[in-house]
Amino acid sequence: MKKKKLTALLTAVAMMTGILSGCGSKGAESAPAEKTPAADEASSEQESAGGENGGTAAAGDAQPITIWYYWENEGHQATLDQLIQEYNGSQDQYAVTAKYVPFADFKKQLSIGASADELPDIAILDSPDHASYVDMGIFEDLTGKFDVDNYYEGTVNSCTVDGKLYGVPFGANCLALYYNEDMLTAAGGSVPTTWDELKETAKALTTDAVTGLAFCSVQNEEGTFNFAPWLWSTGATSYDINNENGVRALTFVQELINEGVMSKECINWTQGDVMNQFIAGNVAMMVNGPWQIPTMQSEAPDLNWKVTLIPKDAQYASALGGENYAVVTGGNVDGALDFLTFATSEEKVKFMMNQFGYISADKTIAESQFAQDSPYYPFVEELNYAMARGPLAEWPSVSDAISLAFNQVITGTATPEEAAAQAQATIDGIVK
Amino acid sequence: MDEEKRLSRKTNILFSVIAVALLCVLLFPLYWALITSLKTEQEIFQNPPTFYPHILNTKSYAAQVETGDFNMFRSFANSFLISMGATVIAVLLAVPASYGIAKYHFKARKAVLLSFLVTQMLPVSVLLTPMFIMFKNMHVYNTWVAAVLADATIGIPFSVLILKNYFASIPKDLEEAAYLDGCNKFSAFVRILIPIAKPGVMVCAIFSFLYAWGDLAYGMTFILDQEKRPITAGIFNFMGQYGTKWSYLTAFAVVTIIPVAIIFIFMQKYIVSGMTSGAVKG
Amino acid sequence: MAKIKKFFRYENVGILFVLPAFLYMLVFVGYPIIHNLILSFQDVNAGNLVRGTKNFILFDNYLELFQDSVFTASLWNTLRFTVLCLVFQFIVGFALALFFSKRFSFAKPVRGILLVPWMIPITVTALMFKLLFATDIGIINFLLRSLHLIEKNIEWLTTPGTAMFALICANVWIGIPFNMILISTGLTTIPKELYESASIDGAGKVQTFWRITLPLLKPTIESVLILGFIYTFKVYDLVYVMTSGGPVNSTHMLSTYSYKLSFEMFKYSKGSAVANVLLVILLFVGVFYIRATTEGEND
């Protein structure tokens, strides 16, 4: 008890001293802090000159620029870091640092940061969320500052609201069908191109130990992302589900479950979990994205797999994913723009995309990014059929209604017709 | 004081066996976490599951020490600092408060007690934004102090509620004896009553420490720099956009538990004697 | 000056003891509570969080909530979850406390080790149980099948009813040490002499328990139950990590739904309203507790 009392006392004293001496930490109040009131314009000249809590660099008083990102993959983090080091070394006006904010916390931190006026200068965020933040008014209008003419339409759409550009696409990715080549050959099957063929092949590949197909069906944005290709392949749209197309899509998923070719566990599997199942040999085919490839190659180098387009119902379809850069209003906009100009140059884009396992959002780069026999190539082809989700400020609510619908169908708590009707009712309430 | 009757040898053995059996059943999840951490990812997904790792995989433990920006030792230090800070505040403020409520029946007493309870009645998520704003204005955002201040708000009301029972159970005669000896109210409190309420104070310190140790929300929201975050934040390294890596995750769990468990085992003597010393004489 | 001294002379000196803690909580939690209350009466979403006007719509949010099937479901889920968890963790914790109060060789170390579930961060525990309850690779299904209690694997976390059961198991596992240790220390406040004189008087074990142990433990039991109720009612991390409120919203609790509304759907005011409903319910429970425990307490 004495020992503990003493420790406690010492700690208390240390703390009090800390508090009273106003212990703010070094990086805390740097760049994002001094936000000019409401009618901010990009006149950050004044703010930059102000840079009192100076940040990182020494003599030249480089202005600190903060980036928030959510990639927890070590490789991604290292790559981003390398890009930043290169930029910092190439000039001495700005010093960029990147902060990792876990994916699960990212939206929360942006909301809280917006309320408390504590935001980064640049945010790298998930494309379907972009529109909501534009609605919030925290992203800078970048129209005319970046040349996105050659970018895939979907990627640009995700950060365009009312004809104005509020971000720059970081990279594009989409979903495609992976299949275990050895299992397919052993079962004597051929690569499926239509829904019927897919079901046949999946059935042939399903054994006691292996399920034929899997894709993430969690009740959240990730799940909606994975359900969208099926929905859109029928011709239905995200806002118009309660029709024979939408119902057909839901019925298809239901049949996959009921006929035992897809496990119900998919409603608990993230795309990463699905990949783990695939490389463990528990699942013969999966729908997943190209960012998994680096991990798959390192963790299961002997696995024989290939990629093909997602089988179609009426038309080929896939969902567009990826992140966007966004510049935060009221932050150090000049510095942010300077960094982004550097980061979106062709050479840097190629570097980042290859390291990340992403496809460039710039069509001209994407088309020459991969050799024809590269596992990434089918994804580039799939991009031609990939559409973006939204963009809509209320997309999260729409997405929620959709993911609830296919979850109901998978768990058997509603029929496809009921689920579609319920989803439609919610969606109508939002968009109309 | 008379010693409690010792149990007969047979009963002693019987109870000990039951105790160990209980231990095995209740701690099975931990055993499972331990062996999962030593299996390869392939083996984890094996059907039927194996009860011990057939292939030993220590990669997951190596990854615990350093993964990217995350450094285990630094994170532990952060957690420890934050938890100690929160505990100190909680104990310093709650002990007198619970004494005041237990012994002095002033008019607003019930309201005060209720208000301490009320502070626990909102889910953490809605407290985050206003607290964030406050911490930013206090210039402690992105420092360990913010986490300490936030975590203490859990420890204080809890401690007040538990401790008041201890103080209430101390008979008046002890206090009166102290006054007779010349103490005023405050010194009586410090010299006589706190030592007797030791079991309660110990329990409160432990609970406050553990709540702060296990906190994720406050540590994540109010601290932006990875290197300042508590150990709980490390969980995101193994559970993110890219799926759950079970062997790494369970290794993380084991590693998070060990230091706290060690502290407890060493402090066992103090803790257990503190908790079972008994507050009251006949 | 004399007046002040007089004010603090008798019972009111207690106010001085309480003041630091009270002020601390007032600042750090009182302000958030008020902020949240105001937010729930407004209509705030992404569009007007930082700019534009926040209109007051008073109780509209609350009225809309009661039309929301997910909200009503989460309300019942939270109540059910809390009551069931409390019952089980209290009974088991109590039994263990009694068991370990006997002096046998392993009593102290085993009791100490049994505290461990409580030391693990809840997010970690949630993930552990997610693994245990997994349908195909989970050890629980394996054990149940080996014991021939079930034929096919139970889809614990992908079926609405069983998911709740799995959550309750996990929470009870975490809650047992909490109950056990508090009741254990409560037991130490009972003078041993009472037990001795009871046994001299020929009282049996059961009688002693009901007549001496329980009544004297009343304050401890009350504190344990009320705190347990409040903390369990607020459950968030466990549910968020283990089921995220699924499958199909069947395990959404008030706190997880509040979070989802605020931070995933940008409906901040609605999220605040849900949180306030939680607060009001707990307030009733709290008032009831205060009345029950300070009744008949005179100086």
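Residues numbered from 1 in each chain as written. Chains lettered and ligands numbered in written order. Predicted model: local features only at pLDDT ≥ 70, side-chain atom pairs only at ≥ 80, totals over all residues.

### Comments concerning the overall build of chain C
The condition that has to hold: Secondary structure elements follow DSSP: runs of H or I no shorter than four residues count as helices, runs of E no shorter than two count as strands, and numbering proceeds from the N terminus. With C-beta atoms placed from the backbone, a residue counts as buried when 20 or more other C-beta atoms lie within 10 Å of its own, as exposed when 12 or fewer do, and as partly exposed for counts between those limits.
Assigned secondary structure in chain C consists of 14 helices and zero strands. In sequence order, the secondary structure elements of chain C are arranged as α-α-α-α-α-α-α-α-α-α-α-α-α-α. A principal-axis box enclosing the C-alpha atoms of chain C has dimensions of 80 × 75 × 30 Å. The buried share of chain C, reckoned over its 299 residues, is 51%.

### Concerning the overall build of chain B
Defined as follows: A pair of residues counts as a contact when their C-beta atoms, built from backbone coordinates, are within 7 Å of each other.
Helix and strand content of chain B: 13 helices and four strands. Sequence separation of at least 24 residues holds for 77% of the intrachain contacts in chain B that already meet a minimum separation of 6.

### Some remarks on the interface of chain B and chain C
Across the contact, 89 residues belong to chain B and 83 residues belong to chain C. Where the side of chain B that touches chain C is concerned, the elements lending two or more residues are α1 (9-26), α2 (28-37), α5 (72-103), α6 (109-118), α7 (124-137), α8 (144-169), α11 (198-214) and α13 (246-276) of chain B. Among the elements that make up the side of chain B that touches chain C, the one with the highest residue count is α13 of chain B (twelve residues).

### Section: the interface of chain A and chain C
By a widespread convention, an interface's size corresponds to the accessible area lost as its parts come together. Contacts between chain A and chain C engage 25 residues on the former and 20 residues on the latter. Within the residue set of the side of chain A that touches chain C, elements represented by two or more residues are α4 (103-116), α5 (130-136) and α17 (395-411) of chain A. In terms of residue count, α17 of chain A provides more of the side of chain A that touches chain C than any other element does, seven residues in total.

### Some remarks on α4 of chain A
Selection criterion: Given the number of residues in a helix, its expected span is that number minus one, multiplied by 1.5 Å.
With 14 residues, α4 of chain A ought to run about 20 Å at 1.5 Å a step, and its terminal C-alpha atoms sit 20 Å apart, in line with that. Burial within α4 of chain A is extensive, with eleven of its 14 residues counted as buried. Turning to α4 of chain A, its buried residues are Phe106, Lys107, Lys108, Gln109, Leu110, Ser111, Ile112, Gly113, Ala114, Ser115 and Ala116 of chain A. Turning to α4 of chain A, the residues buried within the fold contact β3 (122-126) and α5 of chain A, α7 and α12 (217-222) of chain B together with α13 (254-264) of chain C. With its phi angle positive at about 65 degrees, Asp117 of chain A sits one or two positions after the end of α4 of chain A.

### Considering the environment of Thr143 of chain A
Residue and element names in this part refer to chain A. Structurally, Thr143 is set in the loop between α5 and α6 (153-158). Once the C-alpha coordinates of Thr143 and Ser158 are considered, the two residues, 15 residues apart in sequence, prove to be 14 Å apart. Setting aside its immediate chain neighbours within four residues, Thr143 contacts Lys164 and Leu165.

### Focus on the nonpolar core
How we decide: Put simply, a nonpolar core is buried Ala, Val, Leu, Ile, Met, Phe, Trp, Tyr and Cys residues tied into one set by C-beta atoms within 7 Å. An automatic or database domain assignment supplies the start and end points of every domain.
Grouped together as the largest cluster of nonpolar side chains are 314 residues, with contacts concentrated most on Ile122 of chain A together with Ala94 of chain B. Per-element accounting of this core gives the leading share, 17 residues, to α8 of chain B. Lining this core are residues from two domains, each supplying at least three of them: domain 1 (56-172 + 322-387) and domain 2 (174-319 + 394-431) of chain A. Setting aside residues up to four positions removed in sequence, Ala94 of chain B forms contacts with Ile156, Ser159, Val160, Leu163 and Cys204 of chain B together with Ala21 of chain C.

### What to know about the pairing of strand β10 (residues 283-288) of chain A
Residue and element names in this part refer to chain A. Condition: At least two bridges found by DSSP between two strands are what make those strands a pair.
The buried fraction of β10 is high, at six of six residues. Across four bridges, the pairing between strand β8 (residues 176-180) and β10 is antiparallel. By the bridge assignment, Leu177 is partnered in β10 with Val287. As paired strands, strand β9 (residues 211-214) and β10 are joined by three bridges and run parallel to one another. Bridge pairing in β10 places Leu213 opposite Met285.

### Regarding the environment of Thr244 of chain B
Its location among the elements puts Thr244 of chain B in strand β4 (residues 243-244). Excluding anything up to four places from it in sequence, Thr244 of chain B contacts Gly272 and Asp273 of chain A together with Phe238, Met239 and Leu249 of chain B.

### With respect to the sheet that holds strand β13 (residues 323-327) of chain A
Residues and elements named next belong to chain A. Across the sheet, five strands lie side by side as β2-β1-β3-β13-β6; this open sheet has mixed pairing. At either end of the open sheet lies a strand with only one pairing partner, and these are β2 (94-100) and β6 (168-169). In this structure, strand β1 (residues 63-69) lies alongside β3, joined through two bridges in parallel fashion. Paired with Trp68 across the bridge in β3 is Ala123.

### Focus: the sheet that holds β9 of chain A
All names here are of chain A. This is how the line gets drawn: Note on geometry: axes are lines fitted to C-alpha atoms, helical ones only across the stretch in contact, with angles between N-to-C directions running from 0 to 180 degrees.
One open sheet holds the four strands; their spatial order is β9-β10-β8-β11, and the pairing between them is mixed. Of all strands in the sheet, those with a lone pairing partner are β9 and β11 (305-308), marking the two edges. Here the average twist between neighbouring strands, direction ignored, is 20 degrees. Docked against the sheet, helix α8 (residues 195-205) engages β9 and β10, running at close to 135 degrees with respect to β9.

### Observations concerning helix α18 (residues 416-431) of chain A
All names here are of chain A. Applied cut-off: In this description, the arc belongs to the directions extending from the helix axis to the C-beta atoms.
The terminal C-alpha atoms of α18 lie 22 Å apart, and with 16 residues this matches the ideal 22 Å at 1.5 Å per residue to within 8%. Restricting attention to buried positions, one finds in α18 the residues Pro416, Ala419, Ala420, Ala423 and Ile427. Within α18, the buried residues cover an arc of 95 degrees as seen down the axis, which keeps them to one side. Exposed side chains of α18 directed beyond 90 degrees from the buried face belong to Ala425 and Gly429. Buried residues belonging to α18 abut α10 (244-258) and α17.

### Description of the packing of α10 of chain A against α18 of chain A
All names here are of chain A. How we decide: Roughly parallel covers angles under 35 degrees, roughly antiparallel covers those over 145, roughly perpendicular covers 65 to 115, and oblique covers all other angles. Take the far helix as your reference; a near helix turned counterclockwise from it by less than a right angle gives a left-handed crossing, and one turned clockwise gives a right-handed crossing.
It is at 9 Å that the axes of α10 and α18 come closest, and there the two elements cross at 130 degrees. In terms of their interaxial angle, α10 and α18 are classed as oblique. Relative to α18, α10 is oriented so that their crossing is right-handed. When α10 is examined against α18, the residues Gly246, Val247, Leu250, Thr251 and Gln254 are found in contact with a partner set consisting of Pro416, Glu417, Ala419 and Ala420.

### A look at unusual backbone geometry
In this model, Gly390 of chain A is joined to Pro391 of chain A through a cis peptide bond whose omega is -10 degrees. Positionally, Pro391 of chain A belongs in the loop between β14 (386-387) and α17. Residue Pro247 of chain C is reached from Gly246 of chain C by a cis peptide bond, and omega for that bond is -10 degrees. By the element assignment, Pro247 of chain C lies in the loop between α12 (237-242) and α13. A positive phi angle is found at His148 of chain C, which is not glycine, with a value near 60 degrees. Relative to the helices and strands, His148 of chain C is located in the loop between α8 (139-146) and α9 (160-187). A positive phi is found at Phe266 of chain C, a non-glycine position, where the angle reads about 65 degrees. In this structure, Phe266 of chain C sits in the loop between α13 and α14 (268-294).

### Side note on the packing of α9 of chain C against helix α11 (residues 205-233) of chain C
Residues and elements named next belong to chain C. Put simply, the rule reads: Each residue gets one of three labels, nonpolar for Ala, Val, Leu, Ile, Met, Phe, Trp, Tyr, Cys and Pro, charged for Asp, Glu, Lys and Arg, and polar for the others, Gly among them.
Relative to each other, α9 and α11 sit at 155 degrees, their axes nearing to 10 Å. Compared by their axis directions, α9 and α11 come out roughly antiparallel. Handedness of the crossing formed by α9 with α11: right-handed. In contact with Asn171, Gly175, Asn179, Leu182, Ile183, Gly186 and Leu187 of α9, α11 contributes Leu217, Thr220, Val224, Gly228 and Thr232. For the contact of α9 with α11, the class distribution of residues is five nonpolar, seven polar and no charged.

### Section: the confidence of the model for chain B
Selection rule: Within a predicted model, pLDDT stands for the predictor's per-residue confidence, ranging from 0 to 100.
The predicted model of chain B averages 81 in pLDDT, with 87% of residues at 70 or higher. Ignoring residues within four places in sequence, the model shows residues 277-282 of chain B, a span with pLDDT below 50, making 18 contacts including any to other chains.

### Some thoughts on the confidence of the model for chain C
Do not read the predicted coordinates in detail wherever pLDDT is low. Residues and elements named next belong to chain C. In the predicted model, chain C carries a mean pLDDT of 88, and the fraction of residues at 70 or more is 98%. No element of chain C has a lower mean pLDDT than helix α1 (residues 2-7), which averages 72, and none a higher one than α13, which averages 95. Model confidence for the complex is summarised by a pTM of 0.87, with the ipTM given as 0.87.

### Overview of the pairing of β2 of chain A
As paired strands, β1 of chain A and β2 of chain A are joined by seven bridges and run parallel to one another. Residue pairing across strands places Ile65 of chain A opposite Val96 of chain A, the latter belonging to β2 of chain A.

### Focus: the environment of Met285 of chain A
Residues and elements named next belong to chain A. Checked against the element boundaries, Met285 lands in strand β10. In the structure, Met285 is positioned eleven residues away from Val274 in sequence and 9.8 Å away in space, judged by C-alpha atoms. Not counting the four nearest positions on each side in its chain, Met285 is found in contact with Leu177, Tyr178, Tyr179, Ala202, Leu205, Gly212 and Leu213.

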